[in-house]
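Architecture and fold: a report
As a plain string of letters, each chain reads:
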Amino acid sequence: MAIKDILTVVDLNGKQAAPRLALDLASRTGAHVTGLSIAFEPVVPGFIAAPMPADYIEIARDSALKAAAKAGEAFSDMARKSGVSSEVRTAEMITGGTAEPVVSHCRFTDLVVIGQDNPDEPEPMRETLIEAALFESGVPVLIVPYIGAKLKMKNVLVAWDGSPTASRAVHAALPILAMAEKVTVMMVETGKTSHGQPGADIATYLARHNLNVTVDVVPRPQTGIADAILNYVSDQGVDMVAMGGYGHSRMREFLFGGATREILAAMTVPVLMAH
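Quick look at the structure, then. The model shown is predicted, which means the values in this text are computed figures rather than measured ones. (Residues numbered from 1 in each chain as written. Predicted model: local features only at pLDDT ≥ 70, side-chain atom pairs only at ≥ 80, totals over all residues. Heavy atoms only, no water.)

Quick look at the environment of M273
Note the cut-off: Comment: elements are numbered from the N terminus, with helices defined as DSSP H or I runs of at least four residues and strands as E runs of at least two. Buried, partly exposed and exposed residues are distinguished by accessible area as a fraction of the type maximum, computed with a 1.4 Å probe on protein chains only: under 20%, between the cut-offs, and over 50%, respectively. Any two residues having at least one pair of non-hydrogen atoms within 4.5 Å are treated as being in contact.
Inspection of the secondary structure assignment puts M273 in strand β10 (residues 271–274). With relative accessibility at 0%, the residue M273 sits in the buried group. In this structure the C-alpha to C-alpha distance between M273 and I143, which are 130 residues apart in sequence, comes to 7.9 Å. Beyond its immediate chain neighbours, meaning those up to four positions away, M273 contacts L134, P140, V141, I143, M243, G245, T260 and L264.

Written as structure tokens, this is what we have:
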């Protein structure tokens, strides 16, 4: 399916790396972009014994809405300069509360684009929002490094392990993979005996979509899968990664798996994930 509708979460601070990339992608695909600006309302701690001023919550809400409106105006200005069809929406969230007010907007789009959290200019609940968009929206999520990135699309990496989540990521990424000069299917050696050439099935599938495909099986590092992917990205000059997003937890409904979390913490190129 072609990408015709993109939703990007607008940053309250910083250089707007994710919205800029979303607008760039939209200019190539003819997509409409919605900039979602979030107003984070504070929570009054339950341990505060003294009554809060009657207008405290309203003042805080107004402040959050003004910050969101300012960020939305910055997005509108970028979209106007790029010549891309766009709109701005505002979602109100309780800080530390459910991400449903944001996820509800994500469900009616082809792709969610959101920035990696910037430790120097942190965004409220950013990791929670990425997690919720990935696991609760049913939509692929493109996470953009806070240092910024451009879709050069010379070499796109598919991290493949044959799992359902990896398969969903490949299908979701097809419109973007079609822009790439080269698609590399990277597989990590498992040590198990397999019949036929590893990666032949996924390579054939992608080749039938007229993609220039290469399969590369790399040794499994002692440090784990995440390091294997991150090192490959650095060594091979990869421009984007498509991979499945894993989550499991008995304590919480959704929690990033170890490899997923490590990649999102150390990523230097955009990563498209699906679950």
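Observations concerning the pairing of strand β5 (residues 141–144)
The test is simple: Crossover handedness is defined here as right-handed if the route from the first strand over the helix to the second strand goes clockwise, with the strands pointing away from the viewer. Any two strands between which DSSP finds at least two bridges are classified as paired.
Here β5 shows two buried faces, one formed by V141 and I143 and the other by L142 and V144. This β-α-β element, strand β4 (residues 111–115) to helix α4 (residues 126–136) to β5, shows right-handed connectivity. Judged from the three bridges that link them, β5 and β10 form a sheet pairing that is antiparallel. Paired with V141 across the two strands is M273, which belongs to β10.

A short note on helix α2 (residues 56–82)
Applicable threshold: Take the residue count of a helix, subtract one, and multiply by 1.5 Å to get its expected span.
A rise of 1.5 Å per residue sets the reference length of α2, with its 27 residues, at 39 Å; its end C-alpha atoms lie 40 Å apart and thus fit the reference within 8%. Residues of α2 that are buried include every one of A60, A64, A68, A71, G72, F75, M78 and A79, and no others. Its buried side turned inward, α2 meets β1 (5–9), α1 (17–29), β2 (32–41) and β3 (86–94). Just downstream of α2, G83 is the residue with a positive phi angle, here 75°.

What to know about the sheet that holds strand β7 (residues 182–188)
To summarise the sheet geometry, strands pair through backbone hydrogen bonds and adopt either a parallel or an antiparallel arrangement. The following threshold applies: Lines fitted to C-alpha atoms define the axes here, with helix axes fitted over just the stretch in contact, and angles between the N-to-C directions of these axes take values from 0 to 180 degrees.
Strand order in the open sheet formed by 10 strands is β3-β2-β1-β4-β5-β10-β9-β6-β7-β8, and the pairing between neighbours is mixed. A strand with exactly one partner marks an edge of an open sheet, and here the two such strands are β3 and β8 (213–218). The average angle at which neighbouring strand axes cross in this sheet is 25°, direction not considered. Packed onto the sheet, α2 meets β1, β2 and β3 and runs at close to 160° relative to β2. Along the sheet face, helix α5 (residues 164–177) touches β4, β6 (155–159), β7, β9 (240–244) and β10 and points at about 130° away from the line of β10.

A look at the packing of α1 against α2
Selection criterion: Oblique is the label for every angle not falling under 35 degrees (roughly parallel), over 145 degrees (roughly antiparallel), or within 65 to 115 degrees (roughly perpendicular). The crossing is said to be left-handed when, going from far helix to near helix, the turn is anticlockwise and less than a right angle, and right-handed when the turn is clockwise. Three classes are used, and their members are as follows: Ala, Val, Leu, Ile, Met, Phe, Trp, Tyr, Cys and Pro are nonpolar, Asp, Glu, Lys and Arg are charged, and the others, Gly among them, are polar.
Their axes nearest at 10 Å, the elements α1 and α2 cross at an angle of 25°. Relative to α2, the element α1 is oriented roughly parallel. In the crossing of α1 with α2, the sense of the turn from one axis to the other is right-handed. Contacts between α1 and α2 involve P19, R20 and L23 on the former and, on the latter, F75, M78, A79 and S82. For the contact of α1 with α2, the per-class residue count stands at five nonpolar, one polar and one charged.

Geometry only, nothing functional implied.
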